[in-house]
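# What the coordinates show
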Protein chains: 2
Amino acid sequence: MNPAPDTTGPVVQPLDLEVERPSLQNNTADIDRLQRAVEHQWGAAVATDPADFNRLSRRMWDLDFTGQAVLDLSATPVKIIDFRSDQGPVLALAVDLGTTHIHLHLLDLHAGRVLDKRVVRNPQIEHGPDVLTRIHYATSGGLEELQGLAAGAISRAATDLCGDQGRIPRDVAAVAVAGNTIMSHLLAGLWPDHIRREPYIPVVNHFPPYRADALGLGTLPGAPVLVFPNVGSYFGGDLISGILAAGLDQAEGVNFLVDVGTNAEVVLGGRDFLIACAGAAGPALESGVARMGMTAAPGAIERVRIDPDTKKASWRTIGDIAPVGICGSGFVDLAAQLYLGKIIDQRGRFRLGGDTSHLVETEDGPAYVVVAAEDTASGEPITVNQIELDSLCRSKAAMYSILETITLEVGVDFSEIKRFFVAGAFGQYIDPEMAIQLGMLPDLSREVYQALGNTSVQGAEKVLLDLAAWRRAQALAGRITYLELNVNQAFMNRFSAARFIPHTDGHRFPTVPVFDEGP
Amino acid sequence: MNPAPDTTGPVVQPLDLEVERPSLQNNTADIDRLQRAVEHQWGAAVATDPADFNRLSRRMWDLDFTGQAVLDLSATPVKIIDFRSDQGPVLALAVDLGTTHIHLHLLDLHAGRVLDKRVVRNPQIEHGPDVLTRIHYATSGGLEELQGLAAGAISRAATDLCGDQGRIPRDVAAVAVAGNTIMSHLLAGLWPDHIRREPYIPVVNHFPPYRADALGLGTLPGAPVLVFPNVGSYFGGDLISGILAAGLDQAEGVNFLVDVGTNAEVVLGGRDFLIACAGAAGPALESGVARMGMTAAPGAIERVRIDPDTKKASWRTIGDIAPVGICGSGFVDLAAQLYLGKIIDQRGRFRLGGDTSHLVETEDGPAYVVVAAEDTASGEPITVNQIELDSLCRSKAAMYSILETITLEVGVDFSEIKRFFVAGAFGQYIDPEMAIQLGMLPDLSREVYQALGNTSVQGAEKVLLDLAAWRRAQALAGRITYLELNVNQAFMNRFSAARFIPHTDGHRFPTVPVFDEGP
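The structure presented is a predicted model; accordingly, all values stated were derived computationally and were not measured. (Residues numbered from 1 in each chain as written. Chains lettered and ligands numbered in written order. Predicted model: local features only at pLDDT ≥ 70, side-chain atom pairs only at ≥ 80, totals over all residues.)

Another point: the overall build of chain A. Check the secondary structure of chain A and you find 13 helices and 22 strands. Taking 519 residues into account, the globule formula puts the C-alpha radius of gyration at 24 Å, and chain A, at 26 Å, falls close to it. Its C-alpha atoms put chain A at 100 × 50 × 45 Å along the principal axes. The 519 residues of chain A split such that 54% are buried. In chain A, the proportion of contacts linking residues at least 24 apart, taken out of those at least 6 apart, comes to 67%. (Helix = DSSP H or I, 4+ residues; strand = E, 2+ residues; numbered from the N terminus. Rg over C-alpha atoms; globule rule 2.2 N^0.38 Å. Buried ≥ 20, exposed ≤ 12 C-beta atoms within 10 Å, placed from the backbone. Contact = placed C-beta atoms within 7 Å.)

Following this line, the structure appears as structure tokens:
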């Protein structure tokens, strides 16, 4: 037998193989000969899923018993999932299964690189914009439909991605899915009813690898689908994937990983401990507010600068096209600039005492014109009013209070933080400088901050490319202490203090200027 | 943790269990808590099939987390397949999946006994009476239908059996199926095309345990279905099951196991070696010949005695009802008695030289009246003619030649045979004395012979009641040397000699009288 198999490489691996031809002298069955041949070459026991018997047997005869076995190393024992002619590298699909969007990366497992990417809307959205409405729909008889919608969207995107490479979805031999606990449950067809009701219990924390065909994915039928584990209803596989992508579980010292969506999800720690909490940071940070907010997509204003003298805004949009709205990170930029430009005060209120020519009057009161009508995609001006600024200040205060609370809980000071990873679309576009000026993130040395982009899909890539990372994901899920955020008086006091820009306690933000409360 | 789990008991075992109730302090998911509780009590790692997640989770909540886990010990690691209130013993179903009939035994795994039995026709028969026509139908697009027909027949019989015990099919937590290679493939939905064409290759020899729901059985969805392994197209799981039932693989010395169906299947050996072969013994031994033959079922003549003076036959039927036909064992009895009664000669030919009043003239020549018209179920006489006797003599000669050939191959003498097990319906009803008088079985001491009945279903019972027996079945399949019966000149010479009653070499049958060739 060959040396011990490589269990640190990709989760599925090809193996060139010549299977004994059958004869009257060797009438061993197809699957048994196939397993024997692989075992001989691979050096360890292997198995085959009964659901693949017919297909594998036919492929053996079609290819005259010479080809390439594809092995699934996530299974114990290792499983034979395909027998194919050598038609190019084995493909895999990394999926960030979000409530609103699904991000998909097609990987070449041999080269270890991303071939192409797609973002598609999660079609479940037609049955509810958020997880709670989806749960309601699922438990009212729609579970199977929601499962099919998610699987269908992934399958279609996979077909599309493969087609552009001159390949077919059947060439995709492994899938990894990182999603929040509800999205993961819905994709797996699991009954989510107990997740939404106290004490918020998922059906499962650790998903064993699924067969792709069992979930209705149009990839190789026996492709393993690695669904990231969750730690509970509020701490999903997307975060576990993010921790993996950031390498937080192996990092020295105390570090932060923050992912902002509908909730702000926060992990503090490193290789010695991992403590997590999540709190509603309000919708302002994910997609702005309803009137002008949008997710980070082409046309979203992601960067704003305001001339302190003219009080005029300049901006940059994602994709450099005419502005459509403002995404969360743009909104943080905007608010910080409004503060630095002395257009709003420490309470986040418009300064109405002096020159207000940069403001317009709307039915919701005064508003600042970010982009004039003639410069927007719609022909309508993009403005921000007091209501929206109040909403943002609550969100930024929530974020800061959560960070403060978790450090207090662990007994570390912000100054001890070695690395501060900001994940997600929010993290990809946010300017930490502005987030600090606003008092949303602590006033740390700027190089401590690191934007990571979509860590959820990056973690999914990682486990596909490295089986050891998948094992790490399982282990680290068990290591995380989840801190239930206690919204008590102490928290509310911290929250109130953090609603100021940057904070009622200015000493916490030495690099942020404090202005007189004059106009 | 408790002492190491018992892996020698039944293949599925219940475990009284109290799972931790979920709370805000313990928000571990349902399946993870269930596994943890079982692992704590069972003392080893356990797993759960994703297909059971929803059902197990619901059962946990329904039973307020106190009940009985049912464990599948055939899986590695052990699998949790049910969570139930203690509603009586765990049931299991032993199945002999025959080409024409399906025998089912319902077992109480706790008491280790058979609760009830059923025999039903294999409904696949509407698409072909034998394995070859079934293969043809399967490969012409009928595979799924044949799979469903077999599964449906088992499911209906299980419902029926359970109903009589005040239970439901969902209480059946394990199934074992012994069938020939084709029947096993069709139940598993496996493509049988290569089995029928040289070099006769099955898709699989060793079936991993199937999930009952994957095969469409209406039992507990995750009940393991243990399908006996085969050694090739001609040596099926029914024979492996038979070897297990006879204990041949653990027997001292050299022993025979013979199962007669369309083929005569023969295993020679014991714990030191196992050599097998199969040969066409003709239909005469399975179900007589077309005109009056039938399988061993109520109304079949299974015992015949002929008064040497009056030349009149007396008979006994299965079920003691009016005769319908003659089954294989009855035919052997009949032929031996015709010989001992000097109605046929050593060549199996009617003695026509003297008094022939016991014969009637038919369009197929002279025939012996076994049962007069007034005594039969149909009102037609049951007779045997020369053509039928010739057919039987070929069959008995084939059987003896096969036995002779395999002993010659191994280099043992008939006198060394310690035990001679005769299996199947044929074995259940045959009188070894008559089979010896006919020269079909060797002239050994009568107590060497042991009729075992339906060893196929008995072996299925055995693996359900004892996990170690299932492991033994896997191992012994790998130990069997299959002897391809070479129909060469030497074999044909042996066959010709064995067509005589008892044999051209009378010394081989010292206890069988040889008569003058006079009338």
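This part takes up the sheet that holds strand S8 (residues 172–179) of chain A. Residue and element names in this part refer to chain A. Ordered by their spatial adjacency, six strands build an open sheet running S7-S6-S5-S8-S10-S9, and the pairing between neighbours is mixed. Bordering the open sheet on either side are strand S7 (113–121) and strand S9 (210–211), each of which pairs with just one other strand. Note that S9 and strand S10 (residues 224–227) share two bridges and pair antiparallel. Residue pairing in the sheet places Arg 211 in a bridge with Pro 224 of S10. In the packing of helix H5 (residues 237–246) onto the sheet, contacts are made with strand S5 (91–97), S8 and S10, and the angle to S8 comes to roughly 105 degrees. (Pairing = 2+ DSSP bridges. Axes fitted to C-alpha atoms, helices over the stretch in contact; angles between N-to-C directions.)

Before going further, it helps to examine the interface of chain B and chain A. Taken together, the contacts link 32 residues of chain B with 32 residues of chain A. Listed by contribution, the elements that provide at least two residues to the side of chain B that touches chain A are helix H1 (30–42) and helix H2 (53–62) of chain B. Its residues assigned to classes, the side of chain B that touches chain A comprises 18 nonpolar, nine polar and five charged. (Nonpolar A, V, L, I, M, F, W, Y, C, P; charged D, E, K, R; others polar.)

Right, let's get into the relation of the copies chain B and chain A. Once chain B has been moved 0.0 Å along the axis and rotated by 180 degrees, it coincides with chain A to within an RMSD of 0.1 Å. As the rotation angle and translation indicate, the two copies are arranged about a two-fold axis. Among all residues of chain B, the minimum C-alpha distance to the rotation axis is found for B:Thr76, at 4.5 Å. Comparing contact sets, 97% of the residues at the interface of chain B also lie at the interface in chain A, consistent with an isologous, same-surface contact. (Least-squares fit on C-alpha atoms with pLDDT ≥ 70 in both.)

The next subject is the environment of B:Asp62. All names here are of chain B. Mapping Asp 62 onto the fold places it in helix H2. Classification of Asp 62 as exposed rests on a count of 12 C-beta atoms within 10 Å. The spatial distance from the C-alpha of Asp 62 to the C-alpha of Glu 144 is 36 Å, given a sequence separation of 82 residues.

Once the domains are mapped, chain A shows domain 1 (12–84), domain 2 (91–238) and domain 3 (281–453 + 486–519). For domain 1 of chain A versus domain 3 of chain A, the separation of C-alpha centres amounts to 58 Å. (Domains from an automatic or database assignment.)

Attention now goes to the environment of B:His101. All names here are of chain B. When you line up the elements, His 101 lands in strand S6 (residues 101–108). Its 18 C-beta neighbours within 10 Å are what place His 101 among the partly exposed residues. Along the sequence, His 101 and Asn 122 sit 21 residues apart, while their C-alpha atoms lie 5.0 Å from each other. What His 101 contacts, discounting residues up to four positions off in sequence, is Val 119, Arg 121 and Asn 122.

This brings us to the sheet that holds strand S21 (residues 449–453) of chain B. Residues and elements named next belong to chain B. Strand order in this open sheet of six strands is S21-S20-S11-S12-S13-S22, and the pairing throughout is mixed. Where the open sheet ends on each side, the last strands, each with one partner, are S21 and strand S22 (480–482). The sheet shows a mean angle of 20 degrees between the axes of neighbouring strands, direction not considered. Pairing of strand S12 (residues 263–269) with strand S13 (residues 274–280) involves seven bridges; the strand directions are antiparallel. Residue pairing for S13: Leu 268 is matched across the bridge by Ile 275. Contacting S12 and S13, helix H9 (residues 386–410) crosses the sheet at an angle of about 25 degrees to S12.

When strand S17 (residues 359–362) of chain B meets strand S18 (residues 365–371) of chain B, the two strands line up antiparallel, connected through four bridges. Looking across to S18(B), one finds that B:Leu359 is bridged to B:Tyr368.

Nonpolar side chains in soluble globular proteins tend to end up buried together. Counting 337 residues, the largest nonpolar core has A:Ala92, A:Val95, A:Val175, A:Val266, B:Ala92, B:Val175 and B:Val266 as the members making the most contacts within it. Sequence-distant contacts of B:Val266, defined by excluding residues within four places in its chain, comprise B:Phe256, B:Val258, B:Ala276, B:Cys277, B:Ala278, B:Ile402, B:Leu403 and B:Ile406. (Core = buried A, V, L, I, M, F, W, Y, C linked by C-beta atoms within 7 Å.)

On to the packing of helix H6 (residues 237–246) of chain B against helix H12 (residues 455–465) of chain B, then. All names here are of chain B. At a minimum axis separation of 7 Å, H6 and H12 run at an interaxial angle of 70 degrees. Between H6 and H12, the angle is such that the two are roughly perpendicular. Across from Asp 238, Ser 241, Gly 242, Leu 244, Ala 245 and Ala 246 in H6, the residues of H12 making contact are Thr 455, Ser 456, Gln 458, Gly 459, Ala 460 and Lys 462. By residue class, the composition of the contact of H6 with H12 is four nonpolar, six polar and two charged. (Parallel < 35°, antiparallel > 145°, perpendicular 65-115°, else oblique.)

Time to look at unusual backbone geometry. For the peptide bond that leads from A:Thr76 to A:Pro77, omega is -5 degrees, which places it in the cis range. Examined against the element boundaries, A:Pro77 turns out to sit in the loop between strand S3 (66–72) and strand S4 (78–84). The omega torsion across A:Ile501 and A:Pro502 is -10 degrees, close enough to zero to call that bond cis. Along the chain, A:Pro502 falls in the segment after helix H13 (489–498). Unusually for a residue other than glycine, B:Lys311 sits at a positive phi of about 60 degrees. Mapped onto the fold, B:Lys311 is located in the loop between strand S14 (300–306) and strand S15 (313–317). Phi is positive for B:Lys342, which is not a glycine, with a value near 60 degrees. Here B:Lys342 is to be found in the loop between helix H8 (328–340) and S17.

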